[in-house]
Amino acid sequence: EELHRHLDAIRQRGANWEAKLKLEVQARDEASKMLRSHFDTILEEATTEEESNLMKMIERFHGELIPAQETRQAKLEDDVTEWVDITIPETI
């Protein structure tokens, strides 16, 4: 009789632990889903912002920096052409 009570008590404690662990696993899974959702949202926002910044930089590069360099290069080429075709022959 006493052995059965001890075994029943052990079974009950086991069932209580299983129930507690089940609740903890559910809470962990819910927290994990919330964190994942939060992370995905933040990552999407950061990716969108970085993509926007990159596109602005590319547009600035092609809109402002390259034309300025092309203008500078054309000016240098014109100066060299003038030097070679006009200045040197006049000097000689």
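Residues numbered from 1 in each chain as written. Predicted model: local features only at pLDDT ≥ 70, side-chain atom pairs only at ≥ 80, totals over all residues. Heavy atoms only, no water.

Student: Is there a simple way to explain helix H1 (residues 2-91) in this structure?
Tutor: Helical geometry: 3.6 residues make up each α-helical turn, so side chains three or four residues apart lie on a common side. Compared with the 134 Å implied by 1.5 Å per residue over 90 residues, the 124 Å span of H1 between its first and last C-alpha is a close match. At tryptophan 83, H1 shows its maximal bend, which comes to roughly 35°. (Helix = DSSP H or I, 4+ residues; strand = E, 2+ residues; numbered from the N terminus. Expected span 1.5 Å × (residues − 1). Bend = angle between axes of the 7 residues up to and from the residue.)

Student: Looking at this structure, how should I read the environment of threonine 47?
Tutor: In this structure, threonine 47 sits in helix H1. Once the C-alpha coordinates of threonine 47 and leucine 3 are considered, the two residues, 44 residues apart in sequence, prove to be 64 Å apart.

Student: Just to check I follow, could you spell out a negative patch on the surface for this structure?
Tutor: Together, Asp40, Glu44, Glu45, Glu49, Glu50 and Glu51 line one region of the surface with negative charge. Mapped onto the fold, glutamate 45 is located in helix H1. For glutamate 45, a relative accessible area of 47% corresponds to the partly exposed category. (Patch = residues over 30% accessible without salt bridge, like charges linked within 9 Å, V, L, I, M, F, W, Y side chains within 5 Å. Areas by Shrake-Rupley, 256 points an atom, 1.4 Å probe, with all protein chains shown as cover. Salt bridge = Lys/Arg side-chain N within 4 Å of Asp/Glu carboxyl O. Lys, Arg positive; Asp, Glu negative; His and termini not counted. Charge placed at Lys NZ, Arg CZ, Asp CG, Glu CD. Buried < 20%, exposed > 50% of the residue type's maximum accessible area, 1.4 Å probe, protein only.)

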